[in-house]
Amino acid sequence: MLLKTSRRLINCVVIMPQSSRRTRYQPEKIERKWQKTWQEQAVFEAPENTEQTKRYLLVEFPYPSGDGLHVGHVRSYSAIDALARYSRLKGFAVLYPIGWDAFGLPTENYAIKTGVHPRQATDTNIATFRKQMKSLGLSFDWSREIDTTDPNYYKWTQWIFLQLYKKGLAYQATIPINWCPKDKIGLANEEVIGGKCERCGTPVTRRLQKQWMLKITAYADRLLKDLDTVDYLKKIKTQQVNWIGRSEGAEIQFKIQNSKGRIKVLLATSNPSKVERVKKLLAKYLPEVSVVTPAEAGLPTVDVTEESNLVENARRKAKAYFGKTDLPILGTDTGLFIDGEMIDPAQVKRNALRGRSEKDLAPKEIGQAILDFYKTIVERQPAGVAGYWIDALVLITPDGRETQSQSRRDIILTRKPHEKIDWHFPLRSLYRVKATGRYPYDQTAAEEFIELKPYSDALCQLLSPAIPVFTTRPDTIFGATYLVVAPEHEIIQNLKFKIQNFGEVEKYIEKATKKSDLDRTDLAKEKTGVELKGVKAINPANNEEIPIWVADYVLLSYGTGAIMAVPAHDERDYEFAKKYGLPIRQVVAPYFTKNAEDKDALRPNKKTVKRKTAYALVYSKKKNAFLCLDWEKYDWRSGIIGGVDEGESYEEAARREIREETGYLNLKFVKNLGGEQHNHFFTTHKDENRYAYGQGMLFELVDETREPVSDEHTKHHTAVWIEKAKMGEWLNLASFKYIWEAYVSDSNCYTGEGVVCNSGPYNGLSSNEAIGKMAKAFGAPAVQYKLRDWVFSRQHYWGEPIPIIHCPEHGPVPVPEDQLPVELPYVKKYQPTDTGESPLAGIKKWVNTKCPICQKPAKRETDTMPNWAGSSWYYLRFCDPHNPTVFADRKKLDHWLPVDIYNGGMEHTTLHLLYSRFWHKFLYDQGLVPHPEPYRRRHSHGIVLAEDGRKMSKSFGNVINPDDLVKQYGADSLRIYEMFMGPFEDTIPWSTQGLIGVRRFLDKVWDSQKKIGKQTDAATEKLLHQTFQKVSHDLETFKFNTAVSALMIFINHLGQAGEISSSDFTAFLRILSPFAPHLAEELWAQHGGKGLAAVAGWPTTDERFLHDAEIEIIIQVNGKMRDRVTVSAEASEDEVTKQTLSREKIRKSLSGQQPKKIIYVKGKIINLVVPNV
RNA sequence: GCCGCGGUGGUGGAACUGGUAUACACGCAGGACUUAAAAUCCUGUGGGGGCAACCCCAUGAGAGUUCGAUUCUCUCCCGCGGCACCA
């Protein structure tokens, strides 16, 4: 109450002009008036049929929350508004639109809590926002206002989704999602705060759920590359680059080692001749596989003699074998089995054609459709399925025709269901089938089996798969001493029958997958894992058998979900290997050489001599110090170094050198330090280049027993004991710095580049050369991205329904475009269902519909789209917001696109920007938009913190409400203050005092009316033109704060000394109007401005005022400012020098000396250099 | 840990391309007006020394390059933002 009263008191004072000597302006009297005028005259509607150059300025459209406009919004809108108004004055045709990104969770949560329908809440919030924005006098083109929750808008959001679907870029996949076990609801990543549910704080777990996905990864490469073509703030680009996370390396296959008879498979036939043939083939080509017949496995024999009853046979087999045996099943004659599920071949074809008639399609298209359909079936399978043994009933011939194929078959296999599959393979094999007119297993001829190698390869892969591994360091492959696979990796399930400790492995997997993300990152820093006993992989570089481990430090979602572990050169692998006692083999040696400037730098014309060298650190416990050498002829400070003689080991050489150079005799070898290292430098005393390669070692001094050291040794260096604490500083040779590092960190892991060693024929290559060569030799160069596909499903009510209908027969079918939009039904309950489905699932009337293909009962998709959907293309709709027939008319898009300047919060610079760039590129590929990139330039404004430096938040009670500020100080003050507070991109705390300062400035502007006279005085005129220049430049470069300061400087000057003509005064009003549009407009009207200041044009700078006839030269002595001298602008260097030297002050500074050197920078500075002053 | 950005008065910040460090604003101090307060106006305001002219020091710390460094290079410290076992 008290607060309110005092505030009112302040208001009263503000309003009473008689109480102040300076006249003050009254914003509340003028602002509303001009806002009305602008609206009535439609001055801010984007002109389309003009000759003017267009400029499209865009601010992120807000989410109309219940809290109303935030001062952070105002910061962005005012600044870009200043730019928009400036651009109009400059003569551009400006599009500066606004709308509402209104779908989203807060509104839905509010609805759940209060029972107010989201539609109604949204409308209320929008009305508030609109009113607030209008009260600020923002020059938006309100005729183009859009709302993402308007069916006329989201019709096109849905339409774009369907285009993505039709191009195979939208698909369904079962993936782990964040799940709140208390609320029983799936959570988006944004709703998970610190591993906990945003609403109730329950720790989030993972749960598999079928979700719609968008294949943004297909655009990863272009999203990255095209960043070169746009002008974004550097940090925004970096964020995008990091998010996409491209890394180059190699994919390498590690085969699983097999041994005879280790794998047993069930042969799904009892036909004796077939059993015999298969056994014979397997014995020859896959000896590790042995076959069990159903009879041997105690399973019933299924009679499949009648080929005409194919489907029935398949069904019977499936019933008899699948799920009843824990052996993998090898081949059947009939039907189409996918992981035990029997699929009716006729149905396959029908589904594949998706309601299109066979007659309308070319044979090739039919073939492709069927193949595509197989893909979707296979890819739909959850992870962990062994592979797919499909007896295809449809064959495609080389010319693409479909043939009768009941007795033929094909194998379609996949390594990993959700990963890319070499779909070329089955087709190619089929060609061969056609060529020979036979198919594999009925023919026993070995050649034919070989000729049909893809089959045998595929079979091998199914039964003894390889593990693909991605690495950025193929040069370290000889050091790969074990493999690690992610707990969810399918290979583990595939190898189920080989893994001896499968129980233990399963337990580990269960524990690992149950861990939430929180546990996996924050807590479980200590690496854990279990070896897959009974299976080994083959290192393709050296054919060594290496163990395979499962560990959760390897992530399924990156690369291939498996790694080759190189403990010697990767810290994570090193840590793991140390813990579990796995072998560590060094294959890259660090390579040290000297810079060209150094006196030990290599001399190219000298020969290089190789020398095996021992590097020893000797530690004395008693002294807590190390035995070192201080070199006489060189600036070297090292440990003990010495060449290794013929027949000597490193240790022997080290012991000998220690004795010879320091005399110490009793030493204990402790361990190697840092492995092999290479040093390449020039030796002055030998006049040759030396290539010293060798091993660092740690010894401990046992006792002081010592023999005398010969003069020959002491003349080169002195033996000294250096305290442990000083060693790091003291050592200065790269070789020993490296050894010391290894000692201190107690790690022999070296992750840098160097020279390849212990790698057979590759020894001696630099790691860079080796990366290329080894990648090709043992695998294939490959590129990986961190970017994942976009999870596009939300189980919420308040979002765009995904326009898909699920038909039991035809699968997912797109809603025909003429039936869009699929409108959100009106409901009373928004709570999610127990099953984690969207609340829409409960609305039977809406869910149940007809299949667009067969008209039989079908169900609507109940998931809705995420918030990001509507905002991924809104800038397109602004070009043509009311078009009922297309999302935007192409001509209008051609006219307005791309967005010239786009501003928004830093929080949207990764996801939103990436998503909308992705959609835009997709639309570009479809020929629907004119450019590959939507935004030419992107800026981000900094956050406005509360006055106390914390985030503004209701709970802290430190929120600043723009409405109060407008009421108390006027919209113009608020707008200018938000620009003046600091650099646009910086986070800055709010300061109401600062705002008051700006208000004083506006009062001064108002007051300066009385300075209007007949003529502008010279100084004022000059400053005015300089201000035109400065303000223009600063606006273009987003330096709003200094633009405002330039205006203040001018007004300060005018208030103190100046006189100004009426026309110059109104010229000032024009440059003021982007910042304080209301005040400028009012004064403009009062002082005879024609029309509106908002469209009055930008004053031209008279260049004459930017250059002075006389300039001031700064005089420095030794770089320090001592005096200044005014000379004519054309003055020559000699003249300036003469004048400078004649000055009393300078002569005093020089104290009689003559300058040794004089540096003159034209028109700026003259610097006199004297030896000592 | 990695990547990016930054560190300038009591405070927000300014300084073009290496050339007068601290513009503009807030705050503070003193003064004017006023019975008084507010408002407004004037003056001062990085630190130290000096009666003064003027001098010295200062852009996170330390080094380097340069006639001259807030600006460029290296090392370190601190803060912010992003990513986080990314193979």
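Residues numbered from 1 in each chain as written. Chains lettered and ligands numbered in written order. Predicted model: local features only at pLDDT ≥ 70, side-chain atom pairs only at ≥ 80, totals over all residues. Heavy atoms only, no water.

Once that is clear, we can look at the overall build of chain A. Helix and strand counts for chain A come out as 37 helices and 49 strands. Counting every position in chain A, which comprises 1173 residues, the buried fraction comes to 53%. Of the roughly 53700 Å² of accessible surface on chain A, a fraction of 51% belongs to carbon and sulfur atoms. (Helix = DSSP H or I, 4+ residues; strand = E, 2+ residues; numbered from the N terminus. Buried < 20%, exposed > 50% of the residue type's maximum accessible area, 1.4 Å probe, protein only. Areas by Shrake-Rupley, 256 points an atom, 1.4 Å probe, with all protein chains shown as cover.)

Two strands pair when backbone bridges link them, and strand β11 (residues 247-255) and strand β34 (residues 779-784) are joined in this way by 6 bridges, in the antiparallel orientation. By the bridge assignment, Gly249 is partnered in β34 with Ala782. The pairing of β11 with strand β19 (residues 466-471) spans 6 bridges and is antiparallel. What sits directly across from Ile252, in β19, is Val469. (Pairing = 2+ DSSP bridges.)

As a packed pair, helix α6 (residues 151-166) and helix α28 (residues 911-925) sit with axes 11 Å apart at the nearest point and diverge in direction by 65 degrees. Relative to α28, the element α6 lies roughly perpendicular. The crossing of α6 and α28 is left-handed. Where α6 abuts α28, its residues Thr157, Ile160, Gln163 and Leu164 lie against Phe918, Trp919, Phe922 and Leu923. Residues of the contact of α6 with α28, tallied by class, amount to 6 nonpolar, 2 polar and no charged. (Axes fitted to C-alpha atoms, helices over the stretch in contact; angles between N-to-C directions. Parallel < 35°, antiparallel > 145°, perpendicular 65-115°, else oblique. Left-handed = near helix turned anticlockwise from the far one by under 90°. Contact = heavy atoms within 4.5 Å. Nonpolar A, V, L, I, M, F, W, Y, C, P; charged D, E, K, R; others polar.)

Okay, the sheet that holds strand β39 (residues 857-860) next. Strand order in this open sheet of 4 strands is β37-β36-β39-β38, and the pairing throughout is antiparallel. Bordering the open sheet on either side are β37 (811-814) and β38 (848-850), each of which pairs with just one other strand. Across the sheet, the axes of successive neighbouring strands diverge by a mean angle of 45 degrees, strand direction being ignored.

Within the structure shown, the criterion is met by 52 salt bridges. Two residues, Arg938 and Glu60, come together in a salt bridge whose shortest N-O distance is 2.9 Å. A residue pair is termed long-range when its members are at least 10 positions apart, and Arg938 in strand β41 (residues 937-941) and Glu60 in the loop between β1 (54-59) and α3 (71-89) qualify at 878 residues. One exposure class covers both Arg938 and Glu60, and it is buried. For Lys1030, the salt bridge is made with Asp1034, and the minimal N-O distance between the two is 3.2 Å. You can see Lys1030 and its partner Asp1034 sitting in helix α32 (residues 1018-1036), 4 residues apart, about one turn around the helix. One network of salt bridges, in which partners are shared, links Glu48, Asp141, Arg144, Asp880 and Lys892. (Salt bridge = Lys/Arg side-chain N within 4 Å of Asp/Glu carboxyl O.)

Next up on the list: the state of the cysteines. Scanning the entire structure with this criterion turns up 0 disulfides. Its sulfur unpaired, Cys757 is 14 Å from the next cysteine sulfur, which belongs to Cys749. Given the relative accessible area of 4%, Cys757 is considered buried. (Disulfide = S-S within 2.5 Å.)

Quick look at unusual backbone geometry now. In terms of backbone geometry, most residues other than glycine have negative phi values and most peptide bonds are trans. Geometrically, the link from Leu820 to Pro821 is a cis peptide bond, its omega value of -5 degrees lying close to zero. Mapping Pro821 onto the fold places it in the loop between β37 and α25 (844-847). Cis rather than trans, the peptide bond between Leu897 and Pro898 has omega equal to -5 degrees. Inspection of the secondary structure assignment puts Pro898 in the loop between α27 (890-896) and β40 (901-905). Unlike most non-glycine residues, Phe1038 shows phi in positive territory, near 65 degrees. Along the chain, the position of Phe1038 falls in the loop between α32 and α33 (1040-1056). You can call Phe1038 buried: its relative accessible area is 2%. Positive phi, normally seen in glycine, also occurs at Asn1118, with a value near 50 degrees. With respect to the helices, strands and loops of the structure, Asn1118 is situated in the loop between β46 (1110-1117) and β47 (1120-1128).

Take the nonpolar core next. Counting residues in hydrophobic clusters, the biggest one holds 86 residues, and the most contacted among them are Met133, Trp990 and Leu1072. Among the elements that make up this core, the one with the highest residue count is α3 (10 residues). (Core = buried A, V, L, I, M, F, W, Y, C linked by side-chain atoms within 4.5 Å.)

We now examine the packing of aromatic side chains. The description of an aromatic ring pair rests on the distance of the ring centres and on the angle between the ring planes. Inspection of every chain in the model, using the stated rule, returns 56 aromatic pairs. Ring centres 4.8 Å apart and planes at 50 degrees place the aromatic pair Phe576 and Tyr580 in the tilted group. With Phe576 and Tyr580 both in helix α19 (residues 571-580) and 4 residues apart, this pair spans about one turn of that helix. Between Trp636 and Phe681 the ring centres are 5.9 Å apart and the planes differ by 90 degrees, which places this aromatic pair in the edge-to-face class. (Phe/Tyr/Trp six-rings, centres within 6.5 Å; stacked < 30°, edge-to-face > 60°.)

Before going further, it helps to examine the sheet that holds β1. Working definition: the strands of a sheet are paired by backbone hydrogen bonds and lie parallel or antiparallel to each other. Pairing in this open sheet of 5 strands is parallel, and the strands run β2-β1-β40-β41-β10 from one edge to the other. Edge positions in the sheet fall to β2 (93-95) and β10 (231-232), since each has one partner strand and no second. Here β1 pairs with β40 via 3 bridges, running parallel. Looking at the pairing, Leu58 lines up with Tyr902 of β40. Of the strands in this sheet, β1, β2, β40 and β41 are in contact with α3, which crosses β1 at around 175 degrees.

Looking now at the side chain of Asp880. With respect to the helices and strands, Asp880 occurs in the loop between α26 (874-877) and α27. Among the polar contacts made by the side chain of Asp880, one reaches the side chain of Asn883 at a distance of 2.6 Å. Excluding anything up to four places from it in sequence, Asp880 contacts Arg144, Phe887, Ala888, Asp889 and Lys892. (Polar contact = N/O pair within 3.5 Å; in protein donor to acceptor, adjacent residues only side chain to side chain.)

Right, let's get into the packing of helix α2 (residues 27-40) against helix α35 (residues 1077-1086). Running from amino to carboxyl end, α2 crosses α35 at an angle of 85 degrees, the nearest separation of the two axes being 9 Å. Classified by the angle between their axes, α2 and α35 sit roughly perpendicular to one another. Contacts between α2 and α35 involve Ile30, Glu31, Lys33, Trp34, Gln35 and Trp38 on the former and, on the latter, Pro1077, His1078, Leu1079, Glu1081, Glu1082 and Ala1085. Broken down by class, the residue content of the contact of α2 with α35 amounts to 6 nonpolar, 2 polar and 4 charged.

So, about the side chain of Ser735. Its place among the elements puts Ser735 in helix α23 (residues 734-745). Look past the residues within four positions of Ser735 in its chain and what remains in contact with it is Phe592, Tyr615, Gln677 and Asn679.

It is worth spelling out the environment of Ile976 at this point. Relative to the elements of secondary structure, Ile976 occurs in helix α30 (residues 971-980). Judged by its relative accessible area of 0%, Ile976 falls in the buried class. Sequence-wise, Ile976 and Arg75 are 901 residues apart; in three dimensions their C-alpha atoms are separated by 9.2 Å. Excluding residues within four positions of it along the chain, Ile976 makes contact with Val998, Phe1001, Leu1002, Val1044, Phe1075 and Ala1076.

Glancing now at helix α20 (residues 650-662). In this model, α20 (13 residues) spans 18 Å end to end at C-alpha, consistent with the 18 Å of a helix rising 1.5 Å per residue. All buried positions along α20 are accounted for by Ala653, Ala654, Arg656, Glu657, Ile658, Glu661 and Thr662. A positive backbone phi angle near 90 degrees is found at Gly663, which sits one or two residues after α20. (Expected span 1.5 Å × (residues − 1).)

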